[in-house]
Amino acid sequence: MRTLRGVPCNTRERIIGRVSKRCLPWTGSDCILVSPQHPSHLLRKPLALLTSAPQGDDLRGVPAIIGIESSSLELLKEGDVVAIYPDGNVEQLWLANSDSNVLFMTHTCNCHCIMCPQPSRRDDDDFLLINRRILHLVRKQRVRGLCITGGEPTLRMDALCELIRVCRTDFPSTCVNLLTNGKILRDFDCAKRLALIGNHNLTYCVSLASDIPDEHDRIMDSKGCFNEVVRALQNLALLSQRLEIRIVIHKLNATRLPQMAEFIYRNFPFVAHTAWMVMETTGLAWQNLQQLWVDPSEYVPQLREAIAHLHRRNLDTSIYNMPLCMIPEPLWSFAPDSISDWKKTFLPVCSSCIKIPSCPGVFATSKFHSTHLHPISS
Amino acid sequence: MRRETAQKVLDMVFSGPSPCIKIEFQGGEPTLNWPVLQYIVRDAQRRNKAAHKQLDFVVCTNLIRLQPPMVEFFKDNQVGISTSLDGPAEIHDRHRLLRTTGSSYRAFRTNLDYVRGQMGNDSCSALLTITKDHLGNLNRVIDEYVHLGFPGIFLRSLNPYGMAAAHWDQIGYPIEAFVEAYKDALRYIIDLNLSGHRFEEYYAVLILTRILTPFSSGFVDLQSPAGGGISGAIYDFNGEVYPCDEGRMLAKTGDKFFCLGNVYTDSYESIFSGEKLRRLVRTSCVETLPGCATCAYQMFCGADPTRNYVESHDIVGHRPTSNFCRKHYLLIDHFLDLVHENRPEIMRVFWSWMTGRSSNEVRL
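Residues numbered from 1 in each chain as written. Chains lettered and ligands numbered in written order. Predicted model: local features only at pLDDT ≥ 70, side-chain atom pairs only at ≥ 80, totals over all residues. Heavy atoms only, no water.

### Digging into the overall build of chain A
Along its length, chain A carries 10 helices and 17 strands. Each of the three principal axes of chain A carries a C-alpha extent, and together these read 65 × 55 × 35 Å. Long-range contacts, defined as pairs at least 24 residues apart, comprise 66% of the intrachain contacts of chain A with a sequence gap of at least 6. Accessible area of chain A: about 17200 Å², with a carbon and sulfur share of 50%. Of note, chain A has its 41 positive side-chain charges centred 4 Å away from the centre of its 37 negative side-chain charges. (Helix = DSSP H or I, 4+ residues; strand = E, 2+ residues; numbered from the N terminus. Contact = heavy atoms within 4.5 Å. Areas by Shrake-Rupley, 256 points an atom, 1.4 Å probe, with all protein chains shown as cover. Lys, Arg positive; Asp, Glu negative; His and termini not counted. Charge placed at Lys NZ, Arg CZ, Asp CG, Glu CD.)

### Considering the interface of chain B and chain A
For an interface, size is often stated in terms of accessible area lost upon the parts coming together. The interface of chain B with chain A comprises 15 residues on the first partner and 12 residues on the second. Roughly 1200 Å² is buried in total at the junction of chain B and chain A, and carbon and sulfur atoms are behind 55% of that figure. The interface formed by chain B and chain A includes 0 salt bridges. For the interface between chain B and chain A, the tally reads 8 residue pairs in polar contact (both at pLDDT 80 or more). (Buried area = accessible area lost by both parts, 1.4 Å probe. Salt bridge = Lys/Arg side-chain N within 4 Å of Asp/Glu carboxyl O. Polar contact = N/O pair within 3.5 Å; in protein donor to acceptor, adjacent residues only side chain to side chain.)

### Observations regarding unusual backbone geometry
For the bond running from Gly27(B) to Gly28(B), omega is 10°, close enough to zero to count as cis. A cis amide bond links Ser224(B) to the next residue, Pro225(B), at an omega of -5°. Note on placement: Pro225(B) falls in the loop between α11 (202–212) and β7 (234–235). Positive phi, close to 55°, is recorded for Ser240(A), a residue that is not glycine. Even without glycine at this site, Leu63(B) takes up a positive phi of about 75°. By the element assignment, Leu63(B) lies in the loop between β2 (54–60) and α3 (68–76).

### Observations regarding the nonpolar core
Generally speaking, soluble globular proteins have nonpolar side chains that are buried together. Leu194(A), Trp276(A), Phe74(B), Phe335(B) and Phe350(B) are the most contacted members of the largest nonpolar core, which has 187 residues in total. If we skip the residues at most four places from it in the chain, Phe74(B) touches Thr31(B), Trp34(B), Leu37(B), Val59(B), Leu66(B), Val79(B), Ile81(B) and Met119(B). (Core = buried A, V, L, I, M, F, W, Y, C linked by side-chain atoms within 4.5 Å. Buried < 20%, exposed > 50% of the residue type's maximum accessible area, 1.4 Å probe, protein only.)

### Some details on the sheet that holds strand β3 (residues 79–84) of chain B
Residue and element names in this part refer to chain B. Judged by pairing direction, the sheet is parallel, and its 4 strands sit side by side in the order β1-β2-β3-β4 without closing on themselves. The sheet terminates laterally at β1 (20–25) and β4 (124–127), the two strands that pair on one side only. Averaged over neighbouring strand pairs, the angle between their axes works out to 25° when direction is ignored. Strand direction decides the pairing type here: β3 and β4, joined by 4 bridges, are parallel. By the bridge assignment, Thr83 is partnered in β4 with Ala126. (Pairing = 2+ DSSP bridges. Axes fitted to C-alpha atoms, helices over the stretch in contact; angles between N-to-C directions.)

### Considering the side chain of Lys53(B)
Residues and elements named next belong to chain B. Inspection of the secondary structure assignment puts Lys53 in the loop between α2 (34–51) and β2. We note that Lys53 is buried and unpaired, the nearest opposite charge coming from Glu269 at a distance of 12 Å. In terms of polar contacts, Lys53 uses its side chain to reach the backbone carbonyl oxygen of Gly16, at 3.0 Å. Within the local environment of Lys53, its side chain forms a polar contact with the backbone oxygen of Ser18, the two atoms lying 2.8 Å apart.

### With respect to the pattern of salt bridges
Enumeration according to the criterion identifies 36 salt bridges over all chains in this entry. The closest approach of N and O atoms between Lys183(A) and Glu228(A), which form a salt bridge, is 2.8 Å. One end of the pair, Lys183(A), is in the loop between β11 (175–180) and α4 (188–196); the other, Glu228(A), is in helix α6 (residues 225–238), with 45 residues separating them in the sequence. The same class applies to Lys183(A) and to Glu228(A), which are both buried. The network of salt bridges with common partners includes Asp11(B), Asp43(B), Arg46(B) and Arg47(B).

### Focus on helix α3 (residues 157–170) of chain A
Residues and elements named next belong to chain A. Taking 1.5 Å as the rise per residue, α3 with 14 residues should run 20 Å; its terminal C-alpha atoms sit 20 Å apart, in good agreement. Listed as buried for α3 are Met157, Ala159, Leu160, Cys161, Leu163, Ile164, Val166 and Cys167. Where α3 is buried, its residues contact β9 (101–104), α2 (127–137), β10 (145–149), β11, α4 and β12 (202–207). (Expected span 1.5 Å × (residues − 1).)

### Quick notes on the pairing of strand β3 (residues 15–20) of chain A
All names here are of chain A. The element β3 is extensively covered by neighbouring structure, given that 6 of its 6 residues are classed as buried. As paired elements, β3 and strand β4 (residues 31–35) share 3 bridges and run parallel to each other. Residue pairing for β4: Val19 is matched across the bridge by Ile32.

### Some points on the packing of helix α7 (residues 138–147) of chain B against helix α10 (residues 175–194) of chain B
All names here are of chain B. Closest axis-to-axis distance for the α7/α10 pair is 9 Å, and the angle between their directions is 40°. Judged on the interaxial angle alone, α10 and α7 are oblique. The crossing of α7 and α10 is right-handed. Of the residues in α10, those in contact with Leu138, Asn139, Ile142, Asp143 and Val146 of α7 are Ala181, Ala185, Tyr188, Ile189 and Leu192. A breakdown of the residues in the contact of α7 with α10 according to their chemical character gives 8 nonpolar, 1 polar and 1 charged. (Parallel < 35°, antiparallel > 145°, perpendicular 65-115°, else oblique. Left-handed = near helix turned anticlockwise from the far one by under 90°. Nonpolar A, V, L, I, M, F, W, Y, C, P; charged D, E, K, R; others polar.)

Right, dumping it as C-alpha cells:
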C-alpha cells in the first residue's frame, strides 16, 4: 500500500495506530493524530503525530513524523491504520471504508511462479502480531471484505488459523478471501484444520495455471504442484468449503482458456466462482515479460468462449483486471471492480472515456499495459 | 397391501443403509387402499424421528377418486403426486377407460385443478404412455401438456409388459417409428422453447446430461449396473420384493423369476445381498455385456435385465435383436448429431434444461 515520508522525531520503534484528525478524549489511546499544522493544545496525548509542519518543537515527547508533504498527508483518512518507522517512513496498512484491504501473512512462498508480482523473500517481521493489531484497531468498522495473502499464507498455518478465527469472532459478516496455491492443503488434515474453524464467510481462492499438469508445474515452478492443487480442491470440497479458482492469463496459457473452462467444469463443478485475471506486469512478470506477454486483445476470443462455456453451465465466472474498452460489450457484466482501490488507476488515454465510473481500470503497479486501451465515447 | 404387510415392508425399508428414502405408492390405484397408505406415511415419519433420513413420498394416482381429505393429507405430509396424461380428451379417454361410464379425462381435469388449487401448480407431475394412436400426433399431446401448464414431458416408448404386451397388435409399433416420431416431437419442443415458452423433454435432459456434464442423471432405468434392487425396490401387496416394477408385472403373468424374496420370510440381507440380486447386478454392467462391451455409447447408456429377459428369456439379452438397444442407440446417435451440429440456439435450449434456467439466462 502507500508509503509516506517525513522527518522522524522522538521515534525509536515502529508504532502502529489508527489515523484520527482530531485527538479527543474519546478517540481512544490508539490514535495517531494527523494534522497539517501543529495542534495548538492536545486534550489527550496521541500515540504519535503526523504533520506537514516543518518544526518539531513543543512535541512534549510525542513520537512524530514532521514535514510530510501535505498532498500525501491528505490521503490519510479517519480510521486508516498506519505504521510509522524510526526512519521517517509511514506505511498505510489499512484503508477505512475499503473492501479490498489485504493482510499479509508472510513474504515466503513454496512456489516460484513465473508471473509472480511479489517475488518471495525472507520474513523480517511477525506478521501475526501486525495483523492482529490491525484487526484490533479496526474492530468497530463495518468491513465487507478483506483478503489474506502472502507469499503463501498456508506456510504459516498456526498464524493463519488464528487470524481466520479472529475474523470469525470479530468480523462475523466480513467476506474473507484466502489466496493460496493449494500445495499445503493437499494434506487433508491441514485443510480440515482450516475448515473446522467454521468461518462461513471464508473463500479459498486457489491458483490454477493450466489444465495440463506439466504446464501448471512449469508456470508455478514447482514439480507436482498440479496434483497437489487438484488434491487440495477435492479436500476443500469434501469439507464443504467455498472455493474460487483463479487463473492469471499470459502467453503460456492464453490459447487454452476454453479447455481450462471445460476442465474446471468436468472436475471441479463444485467451485463457487472462477476468475480469469489479466496479469499484473510487475515483479517476476516484469522480469519475464518477453516470455509471458500477450496483449489481452489477442486472447479475448478465447476468454469469451471460456466465459460462455462456464456461464452456460451455470458456473459463476468473472474477468478480473481488464478495462472495459478491451472487453466485448456482452461480457461487461462479467467484469466487476476487481482491482484493490489502492492499486487501481487509469491512464492518460482514459481521460476522455465515459465509462470510467464503471470500469475496473488497470493496475497502478503494472509497468506495461496493453497498447489497445482506448477511451469509450458512446 | 394389508397393514401388517406394510409394517414388515417399513421394517425392511428402514433397515437399508441409504441416507435417502423415497417411498412411492403404486398400484392399481393406491388411493383405493387409503387406510394403509395413511398408515405407511405416518409410521415412516414416526420411524424417521430416530432414523434421521431424508424421507420423501410420492403417490402415483389417476386422480379420479381423489377426495378433499386425501388431498389435504398429501398437502400436510408433502406427498408428491405423479399422475398419467395421455393427451387431449379423445386420446386420454381411448387409453384410460373408467369402470363406470363417462370421460376419464373430465374426471382427471376436474381433480387436477382441485389438487393444484390446494397444493400449488407444481404439485403434480404427469407421465405419458405413447401408443400407436399418438405416434403421428405427438404435437397435439405436447400442446395439451403445455396448455395444462406442465413444465415438461417424458417421451417414452411403450414397454412390452402386462396389458400392453397383451394388446401389442393394437397399440404397439416398431421402435424405428418411435425414434422418428421422437425426433419430430423434439424439434417441435425446441421450437416451442425458441419461441419463448420454456418446456423440457426429459429423455433429452437425461441423455444430454450424460454426454455434456460430469453429473449422473439419477435415472434408475438406464444405468450400469442396472438400478433395479440397488437404487430402488418394489414391494408387492403380498410382501414379495422385486428389483423393479417390470419384474413384478412379469410375476402377475405367472413368471416369478425376478422375485427376490418376501418380507414375511426373508431377511434384508438375504433379499438385498442374495445370490439372485448379485447375479442381476453382475450381469447388468455394460462394460461386460456382449454387444455393450464394445459399444461406443456405453458411457451414456445402461442395462435392463428385465427387458432382456422378456425379449430373449435371458437376463444377458441379445443386443442385435434388442429393441431397448436399438432405441437408445438411435436416440443417443441423434443427440450426438445435435451436439456435433452445435447450433447455438439449440444448445442454449439444451443447457437451459440441464441447468434448470430459462434460455435467456443461458444466453450470453
